Amino acid sequence: MDMNDIREKGLVLLGCGKMGSAMLKGWLDGGLPASSVWVNDPNPSDWLKGIEGLNLNAKLPETPAVVLVAVKPQMMADALPTLKAMGNGSTLFISVAAGITLATYEEMLGAKTPIVRAMPNTPAAVGRGVTAIIGSEAARGDHVDLAETLLSAVGQVVRLENEGQMGAVTAISGCGPAYTFHLIEAMAAAGEANGLAPELALQLAKATVAGAGHLAENADEDPTQLRINVTSPNGVTQAALEVLMNEDVGFPPLLKRAMDAAIKRDKELGA
Ligand SMILES: NC(=O)c1ccc[n+]([C@@H]2O[C@H](COP(=O)([O-])OP(=O)(O)OC[C@H]3O[C@@H](n4cnc5c(N)ncnc54)[C@H](O)[C@@H]3O)[C@@H](O)[C@H]2O)c1
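Just so you know, the residues in each chain are numbered from 1, in the order the chain's sequence is written. It should be noted that, the model being predicted, local features are given only for residues of pLDDT at least 70 and side-chain atom pairs only at 80 or more, the latter also being counted only at that level, while totals for whole chains, interfaces and linings use all residues. The basis for every side-chain value is the complete set of non-hydrogen atoms in the structure, without hydrogens or water.

## A word on the UniProt feature "binding site: NADPH" (unreviewed entry) in the protein
Definition in use: UniProt positions are given in the numbering used here, feature names are shortened, and annotations may be inferred rather than shown by experiment. The numbering of helices and of strands both runs from the N terminus, where a helix is a DSSP run of H or I of at least 4 residues and a strand a run of E of at least 2. Burial classification: accessible surface area is computed with a 1.4 Å probe over protein chains only, and a residue below 20% of its type maximum counts as buried, one above 50% as exposed, and the rest as partly exposed. A contact between two residues is defined here by any heavy atoms of the two lying within 4.5 Å.
Per the UniProt record, "binding site: NADPH" (unreviewed entry) is found at Asn 57. Within the secondary structure, Asn 57 is located in the loop between strand 3 (55-56) and strand 4 (66-69). By relative accessible area, Asn 57 is classed as partly exposed at 41%. Apart from the residues lying within four places of it in its own chain, the contact partners of Asn 57 are Val 39, Asn 40, Asp 41 and Pro 44.

Right under this line is the structure:
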């Protein structure tokens, strides 16, 4: 099974909001023909409506190569049963929903259904996502390979050892873009409060986060050394880091609390 199967048999997106659209944009940009994609969404965006050749809310193929489930976890019980006839067969289901376990999909679709749980993130829209995947009992090696191939088209893919890792993964890379965007917002707001024009503060904050991320990915040094490289002894950065690295109220305890809250909510959504 490979991308040719997807081109020939089709890819169905059940739900295509922010995350589904981010991935679809990456796949279309990467050369997947829109005519190979069926989107089933009761509230399609103008962007979806404008994609030439896309099968939008059209009759679905009986046995598509892949169904990508990208509805909210709270909508799953309404949305997924409409595709139950595709379960227990050759169609690979990939779900990106937070919280919902493989066992729940097996109950809804049948235990013989090949299912891959995936946690992507929105930088997939620019080919810079990272997605963690784990397969169900019925997902053979080639099913997981196909999920990896498909998701690799929009960024990096990592395979998990067990499903129990998914909550912590979601709290880092699934939610992480939002933390990072908030960092940009907060840095720009602080710059503005210190007298910079809003556009200039935002430009500086965005370029700094983008540049630091690129450097962290490409430099030989680890992030700790990269931080040290910016921090002149008794200089300006050190003064800021003494606030941010405070063990009681700095980033480490704050992010731990935030990510613990994310993991707790992920569990609740799956219950
Ligand atoms: N947004 C992210 O950054 C992100 C990251 C990783 C995973 N996810 C997961 O992706 C899923 C979608 O999240 P989102 O942020 O794209 O939400 P969203 O609300 O933007 O998109 C959900 C889409 O599902 C559609 N929908 C609702 N009921 C439906 C039904 N019965 N049949 C078909 N479509 C239906 C809605 O019209 C909407 O377009 C969630 O399960 C979420 O956990 C999101």
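## Brief notes about the site of the ligand
Here is the rule we go by: Near residues are defined by distance, with any heavy atom within 4 Å of the molecule or strand qualifying the residue. Any N or O atom pair separated by 3.5 Å or less is treated as a polar contact, with the protein-specific requirement of one donor-capable and one acceptor-capable atom, and with residues adjacent in sequence counted only for side-chain atom pairs. Reported accessibility uses the Shrake-Rupley method at a 1.4 Å probe radius. Residues are deemed covered only where the shown protein chains occlude them. Only protein atoms enter the 1 Å grid used here, on which a cavity is any set of points holding a 1.4 Å probe that cannot leave and a pocket is any open set flanked by protein within 12 Å on both sides along at least five of seven lines; residues with an atom within 4 Å of a point are listed as lining. To decide whether a molecule occupies a pocket or cavity, check its atoms: if more than half lie within 2 Å of the grid points, it is inside.
Taken together, 22 residues lie around the ligand, and Lys 18, Met 19, Asp 41, Val 71 and Ala 98 are the ones closest in. Asp 41 is positioned such that a nitrogen or oxygen atom in its side chain is 2.6 Å from an oxygen atom of the ligand. A distance of 3.3 Å is found between an oxygen atom of the ligand and a side-chain nitrogen or oxygen belonging to Lys 72. Against a free-state accessible area of 830 Å², the protein chains account for coverage of 81% of the ligand. More than half of the atoms of the ligand fall within 2 Å of the grid points belonging to the second largest pocket.

## Side note on the pattern of salt bridges
As a reminder, the rule being used: Salt-bridge detection follows one rule: a side-chain nitrogen of Lys or Arg within 4 Å of a carboxyl oxygen of Asp or Glu.
Applying the stated rule across the entire model yields 10 salt bridges. Note that Lys 25 and Asp 29 form a salt bridge whose closest N and O atoms lie 3.0 Å from each other. Taken together, the residues Lys 25 and Asp 29, both in helix 2 (residues 18-29) and four residues apart, mark about one turn of the helix. Given the relative accessible area of 33%, Lys 25 is considered partly exposed. Where salt bridges share partners, they join Asp 145, Glu 148 and Arg 159 into one cluster.

## Remarks on the layout of surface pockets
Selection rule: Grid points are joined across faces, edges and corners, and a volume is the space filled by probe spheres set on the points. The residue classification treats Ala, Val, Leu, Ile, Met, Phe, Trp, Tyr, Cys and Pro as nonpolar and Asp, Glu, Lys and Arg as charged. All others, Gly included, are polar.
Volume-wise, the second largest pocket comes out at about 1000 Å³. Lining the second largest pocket we find 35 residues, and of these Met 19, Ala 70, Val 71, Lys 72 and Pro 73 sit closest to its centre. When contributions to the lining of the second largest pocket are tallied by element, the ones reaching two or more residues are helix 2, helix 7 (166-174), helix 8 (176-193) and helix 12 (251-270). The leading source of residues in the lining of the second largest pocket is helix 12, at four residues. A per-class count over the lining of the second largest pocket returns 19 nonpolar, 11 polar and five charged.

## Structural notes on the pairing of strand 7 (residues 129-135)
What counts is decided by this rule: Only when DSSP finds a minimum of two bridges between them are two strands counted as paired. Seen with its strands pointing away from the viewer, a crossover is right-handed if its path from the first strand over the helix to the second goes clockwise.
Summarising burial for strand 7: five of the seven residues are buried, a large majority. Bridging between strand 6 (residues 115-119) and strand 7 involves four bridges; their strand directions are antiparallel. Bridged to Arg 117 within strand 7 is Ile 134. Examined bridge by bridge, strand 7 and strand 8 (residues 155-159) share five bridges and lie parallel to one another. When the sheet's bridge partners are listed, Ile 133 is paired in strand 8 with Arg 159. Handedness of the crossover is the feature at issue here: the chain leaves strand 7, passes through helix 6 (residues 141-152), returns alongside strand 8, and the resulting connection is right-handed.

## Brief notes about the side chain of Ser 21
Take Ser 21: it is sitting in helix 2. Residue classification places Ser 21 among the buried residues on the basis of a relative accessible area of 14%. A distance of 2.6 Å separates a polar atom in the side chain of Ser 21 from the backbone oxygen of Gly 17.

## Overview of unusual backbone geometry
Notably, Asn 57 is not glycine yet its phi reads approximately 50 degrees, a positive angle. Even without being glycine, Asn 234 reaches a positive phi, approximately 60 degrees. By the secondary structure assignment, Asn 234 is in the loop between helix 10 (223-230) and helix 11 (236-244). Given a relative accessible area of 72%, Asn 234 falls into the exposed group.

## Some thoughts on the pairing of strand 1 (residues 11-14)
By the alternation rule, side chains of strand 1 split into Leu 11 and Leu 13 and Val 12 and Leu 14, which are all buried. Bridge analysis of strand 1 against strand 2 (residues 37-40) gives four bridges, and the strand direction is parallel. From the neighbouring strand, Leu 13 faces strand 2, where its bridge partner is Val 39. Between the parallel elements strand 1 and strand 2, the chain passes through helix 2 in a crossover that is right-handed.

## Digging into the sheet that holds strand 7
Hydrogen bonds between backbone groups are what pair the strands of a sheet, and the pairing can be parallel or antiparallel. Under the convention used in this document: Axis lines are fitted through C-alpha atoms, for helices just across the contact stretch, and the angle between N-to-C directions can take any value from 0 to 180 degrees.
Pairing in this open sheet of eight strands is mixed, and the strands run 3-2-1-4-5-6-7-8 from one edge to the other. Among the strands making up the open sheet, the edge pair consists of strand 3 and strand 8. Pairing of strand 1 with strand 4 involves four bridges; the strand directions are parallel. Each bridged residue has a counterpart across the sheet, and for Val 12 the counterpart in strand 4 is Val 67. Sheet strands in contact with helix 5 (residues 102-109) are strand 5 (92-95), strand 6 and strand 7, and its direction is about 140 degrees off that of strand 6. Each of strand 1, strand 4, strand 5, strand 6, strand 7 and strand 8 touches helix 6; the most contacted strand, strand 8, lies at about 155 degrees to it.

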